[in-house]
Structures are given as C-alpha cells and as structure tokens.
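Spelled out, the chains give:
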Amino acid sequence: MERISLSNSAFEGDNNAYLFADGSETVLIDTGDWMTTTREQLEAALSDRGLEFADIDRVFLTHWHHDHCGLAGEIQAESGAEVLVHAADAPLVGGDDDAWDAMNERQQRYFAEWGMPDDRQAALLEYMADGETTVETPTVTAFEDGDTFSFNDTELEAVHTSGHAAGLSMFEADHDGERVVFSGDALLPVYTPNVGGADVRVDRPLAKYLRALQRIVDTDYDRAWPGHRDPIDDPADRAQHIIDHHRERSWRVLDALDRKGPCDTWTVSADLFGDLDGIHVLHGPGEAYAHLEHLERAGTVVREGTEYRLADGVAEELAATDGERWDLEY
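Residues numbered from 1 in each chain as written. Predicted model: local features only at pLDDT ≥ 70, side-chain atom pairs only at ≥ 80, totals over all residues. Heavy atoms only, no water.

As recorded by an unreviewed UniProt entry, the chain carries the name MBL fold metallo-hydrolase and is attributed to Natrinema pallidum.

Structure (structure tokens):
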C-alpha cells in the first residue's frame, strides 16, 4: 500500500488516496476531488509507478463527499473499474437526481429551522453551486457494513461509521504486521469531522458518530490511515480525544443557553464559532444542531418551535459545578 497525497485547499488539509498495486489487481481507496490539479497529481503519482487510470481495477470510496469521490467517474470511464461505496451513499455518488433533490430540499428545510438568515442562505447556496461538478458520474456497486473484499494479498472489511456522512465507512486490514484502518473522515489527525451539517440526511448524527468513535477506541487499531493529512499512530487515543471534545462542546451549548436564554440553532452556532463564511456557514449551525438534538433526546434541553431552552433544573446543576465542566453522559 502507498499513500498518495493530493491537494485540497477547501477542507481539512491535503486528501489521501491509497494505492494497492503489488499484485494482479490495482486498487484505490478514495480519489481526491475532481479539480484539474488533483487529477494531474494523481496521474503523475500513478505514472511514477508505471500506471495510469486505465490500469485501475477497483475504487473503494469512504463516502460521497466530492473531495473523496471526485475522480471516480473519470477513472471508471478510462478503465471500467468497479466503484464501490456504502449503500447509503450510492445514490449520491451515482448521480441519482431524486436523491440529490431530496438532499437539497432537506438542507433548505434545515436552514429555515436553524434560523439561518436569508442572506446567509443565499450566499451558502451560491457557494455550494460554485463547487458543483460536471465530471463523469460513475456506475456504483453498493456494499454494507461487514462486507469483505480480497485482492492481491489484502483483505478489506467495511466498517460503517455513520455520523459525518450517512454512508461513511472505514476499511479494516492487516498491513505490514499491523491491524490498520483506512478511516476516511471518521478519524482525522487535526480536525474533528463535522457532524450535523456535512450530511443532513443523518438522523441523530452525534449519537451515531460517538458510537463510531467508541468502536475505534475499543478496537484499538495499531494505525489509522485517514482521508486527510498524515497517518495516526494511536487511533484509540485520537478517537477518545474527539469524544472528549464533543463532551466539552455539549457543555458549551448548555452554557450558551444558560447565558442567553431560549434561542435558535443559528444563535447557538454564533456563540460557539463566531461569524462564519464559505462552507462553514453550513457546518457551524449543523454542528450546533447535532448537539442540541442530542441534548434534547437526553432530556437536558427542551425544544419549543425553532428555539431551545434548558430543561427544568439544569441551570441549577450547571451553577453547582462552579465553573467546572459538567460531565455529560453519552
């Protein structure tokens, strides 16, 4: 396996594509985005190894986000490669118009529920439209959690880790004597993957993501190969750090409601993240919503229309902590 680093200035640092070419099959995990620069980088990396798009037999995708699947269609057009993605994301990657219409409608419904101002909605929709791509759309093969795939001397097992995206999946493997995981955006070395905004199709996004993180802690992989940036040498420790980060963020949501009184998701987002631009206009309130929804289900927060308030007695419990972090149960 070889890691190929591909430029990405918009999100969580350079993307990774993982190449398996030591055997009868040539396989990629993720492709990077569809930008010309990215294509040139991937073509050059393959050429250095005596390969080209036409040599690729299979492409495994961690999820539907364009910075991970952007070149899958072009690779398939040149090679006939099989493109595999979790069933929850297959309609989006495969360009199903009904799936995309449902996604867009749900986004705009959430924008209104979150209290996103009309001008910020318009700017966000314009930003996202600028990022749309007209490159080749692949024909996809759907897989499910626990499916296994063999090629060369490698066996991958798909691990469904919904939260950041409905179909987000990791791939477990034994590599160089280690139990490793190709974690996509489920586990990143620097950023904490967005939940709530990155894929509005996900119900209970924070609860699902926390379960995925706990699985990483419990499995205790030797190494994680993430979708962005450098490998992670202690995946369990990194996953626990992100769990703790979300516990702290939920406390900050409660603190915002305690100080401001009943308010909508947009107001909580502004308290957490300040003024946002670009794609973060989606990700900020999405993250606030994920925490508010989680706290509402726990009975700590009450929703009334589009506003949230602390449940009875919670303010007193917060005050009793005397500034210490209130330890939330997950």
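Let's pick the thread back up.
Q: I'd love a proper account of unusual backbone geometry, names of residues and values included.
A: What is expected of a backbone is that most residues other than glycine have negative phi and most peptide bonds are trans. Although it is not a glycine, Asp-176 sits at a positive phi angle of roughly 50°. Within the fold, Asp-176 resides in the loop between strand E9 (169–175) and strand E10 (178–184). Taking relative accessible area as the criterion, Asp-176 reaches 68% and is therefore assigned exposed. Look at Arg-204: it is not a glycine, yet its phi comes out positive at around 50°. (Helix = DSSP H or I, 4+ residues; strand = E, 2+ residues; numbered from the N terminus. Buried < 20%, exposed > 50% of the residue type's maximum accessible area, 1.4 Å probe, protein only.)

Q: Tell me what's going on with helix H10 (residues 280–297), and back it up with residues and numbers.
A: Its 18 residues place the ends of H10 25 Å apart at the C-alpha level, agreeing with the 26 Å of an ideal helix rising 1.5 Å per residue. Within H10, 15 of the 18 residues are buried, which leaves it mostly tucked inside the rest of the structure. Downstream of H10 by one or two residues, Gly-299 has phi in the positive range, about 85°. (Expected span 1.5 Å × (residues − 1).)

Q: Which residues make up the domain arrangement of the chain, and what are the values?
A: The domain boundaries assigned to the chain delineate domain 1 (2–96 + 132–234) and domain 2 (240–320). For domain 1 versus domain 2, the distance between C-alpha centres works out to 31 Å. Contact residues are listed per partner, giving 19 residues for domain 1 and 17 residues for domain 2. Where domain 1 abuts domain 2, roughly 1,600 Å² becomes buried across the two surfaces, and 70% of that area is made up of carbon and sulfur atoms. Area buried by domain 1 at its contact with domain 2 is led by Thr-192, Arg-204 and Leu-206, which between them contribute 32% of it. In this assembly, domain 1 and domain 2 are joined by zero salt bridges. Linking domain 1 with domain 2 are four residue pairs in polar contact (both at pLDDT 80 or more), by the criterion used here. (Domains from an automatic or database assignment. Contact = heavy atoms within 4.5 Å. Buried area = accessible area lost by both parts, 1.4 Å probe. Salt bridge = Lys/Arg side-chain N within 4 Å of Asp/Glu carboxyl O. Polar contact = N/O pair within 3.5 Å; in protein donor to acceptor, adjacent residues only side chain to side chain.)

Q: Provide a residue-level description of the environment of Ala-158, including the pertinent values.
A: With respect to the helices and strands, the residue Ala-158 is situated in strand E8 (residues 154–160). A residue is classified by how much of its surface remains accessible, and Ala-158, at 1% relative accessible area, is buried. The spatial distance from the C-alpha of Ala-158 to the C-alpha of Thr-148 is 6.3 Å, given a sequence separation of ten residues. Sequence-distant contacts of Ala-158, defined by excluding residues within four places in its chain, comprise Phe-143, Glu-144, Asp-145, Gly-146, Asp-147, Phe-149, Met-170 and Phe-171.

Q: I'd like to hear about the sheet that holds E9, residue by residue, with values.
A: Spatial strand order, E7-E8-E9-E10-E11: five strands in an open sheet with mixed pairing. Pairing within the sheet leaves two strands with one partner each, and these edge strands are strand E7 (148–151) and strand E11 (223–226). The average undirected angle you get between the axes of adjacent strands in this sheet is 25°. Two strands pair when backbone bridges link them, and E8 and E9 are joined in this way by four bridges, in the antiparallel orientation. Residue pairing in the sheet places His-160 in a bridge with Ser-169 of E9. (Pairing = 2+ DSSP bridges. Axes fitted to C-alpha atoms, helices over the stretch in contact; angles between N-to-C directions.)

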